[in-house]
Amino acid sequence: MIRDATAGDMAAVAAIYAREVREGTATFEDIPPSTETLVEHLSGVQRLGLPWLVAEIDGEVAAYAYASPFRPRAAYRYAVETSIYVGEGFQGQGLGRALMQTIIDQCRDIGLRQMIAAISNDESDASVILHEGLGFRPAGIYRRAGWKFGRWLDVTLMQLDLAPTAGPPDTPGLSLG
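Residues numbered from 1 in each chain as written. Predicted model: local features only at pLDDT ≥ 70, side-chain atom pairs only at ≥ 80, totals over all residues. Heavy atoms only, no water.

(A) Quick look at the packing of aromatic side chains. Evaluated as defined, the whole model comprises seven aromatic pairs. With a centroid separation of 6.0 Å and 15° between ring planes, the pair formed by W52 and Y64 is classed as stacked. Of this pair, W52 sits in strand β2 (residues 52–57) while Y64 sits in strand β3 (residues 60–69), and the two are twelve residues apart along the sequence. Assigned by exposure class, W52 and Y64 land together as buried. (Phe/Tyr/Trp six-rings, centres within 6.5 Å; stacked < 30°, edge-to-face > 60°. Helix = DSSP H or I, 4+ residues; strand = E, 2+ residues; numbered from the N terminus. Buried < 20%, exposed > 50% of the residue type's maximum accessible area, 1.4 Å probe, protein only.)

Put into structure tokens, the structure is as follows:
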């Protein structure tokens, strides 16, 4: 089941994310944020009208994804960055694709135009393949941008145009001010 995240989900989200912080390279953080910090982050995302979703299996939060502002400047108010994390033991079940497709649909519905994914190049083939399958295209690479676990990591940027044939925006976009 895919549904909107709640503050009550943030302990499970924190556990999924903490594992990636400690063992993985999908995030460049090295100290896992607290549940309280993630509740604040959730509130900020939702205050902007952006989606934060969880995938639940048998009552357990198995994965989550959200969209957040791409950059804080007004010109970027139609662009978001996506984040997605799948809990240990739940990979390969289609949760990432289902979550991302729902995020894409919801962002398109609110009039956003661009989605950006920043993907660490270390052990991230599955993430690149997932994003390509959803229509994201390569947009560039930040070379040796992050240092984690004693090595440099590149970041692949991928981009999805949510309205490739549309003219000027007919919505105000995100309120970033």
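(B) Focus on helix α3 (residues 95–109). Across its 15 residues, α3 extends 21 Å between first and last C-alpha, which sits within 8% of the 21 Å expected from 1.5 Å per residue. Within α3 the residues assigned to the buried category are L95, G96, L99, M100, I103, I104 and C107. Projection of α3 onto a plane perpendicular to its axis shows the buried side chains occupying an angular sector of 160°, all on one side. Phi turns positive one or two residues past the end of α3, at G111, with a value near 90°. (Expected span 1.5 Å × (residues − 1). Arc of directions from axis to C-beta.)

(C) Structural view of the packing of α3 against helix α4 (residues 125–133). Direction vectors running N to C along α3 and α4 enclose 45°, while the axes themselves pass 10 Å from each other. As summarised for this structure, α3 and α4 are arranged oblique, according to the angle between their axes. You can see that α3 and α4 cross each other, and the crossing is right-handed. Between α3 and α4, the contacting residues are G96, R97 and M100 on the first element and L130, H131 and G133 on the second. Looking at side-chain class alone, the contact of α3 with α4 contains two nonpolar, three polar and one charged residues. (Axes fitted to C-alpha atoms, helices over the stretch in contact; angles between N-to-C directions. Parallel < 35°, antiparallel > 145°, perpendicular 65-115°, else oblique. Left-handed = near helix turned anticlockwise from the far one by under 90°. Contact = heavy atoms within 4.5 Å. Nonpolar A, V, L, I, M, F, W, Y, C, P; charged D, E, K, R; others polar.)

(D) Here's a closer look at the nonpolar core. Of all hydrophobic cores here, the largest spans 43 residues; its most connected members are W52, Y64, V80, C107, M115 and F136. Of all elements in the fold, only α1 (10–23), α2 (35–47), β2, β3, β4 (79–86), α3, β5 (114–120) and β7 (151–161) reach the threshold of two or more residues within this core. Beyond its immediate chain neighbours, meaning those up to four positions away, Y64 contacts V13, I16, Y17, W52, L53, V54, S83, I84, Y85 and L99. (Core = buried A, V, L, I, M, F, W, Y, C linked by side-chain atoms within 4.5 Å.)

(E) Examining the pairing of β2 more closely. Counted residue by residue, β2 has five buried out of six residues, so it is predominantly covered. When strand β1 (residues 2–4) meets β2, the two strands line up antiparallel, connected through three bridges. Its bridge partner lying in β2, D4 is registered against L53. Here β2 runs beside β3; their pairing, made up of six bridges, is antiparallel. The partner of I57 across the bridge, within β3, is E60. Here β2 folds back onto β3, and the loop between the two strands holds two residues, one of which, D58, carries a positive phi near 50°. (Pairing = 2+ DSSP bridges.)

(F) Spotlight on unusual backbone geometry. Even without glycine at this site, D58 takes up a positive phi of about 50°. Within the fold, D58 resides in the loop between β2 and β3. Located in the positive-phi region is F149, a residue other than glycine, with phi close to 55°. Mapped onto the elements of the fold, F149 is located in the loop between β6 (137–148) and β7. Classification of F149 as partly exposed rests on a relative accessible area of 42%.

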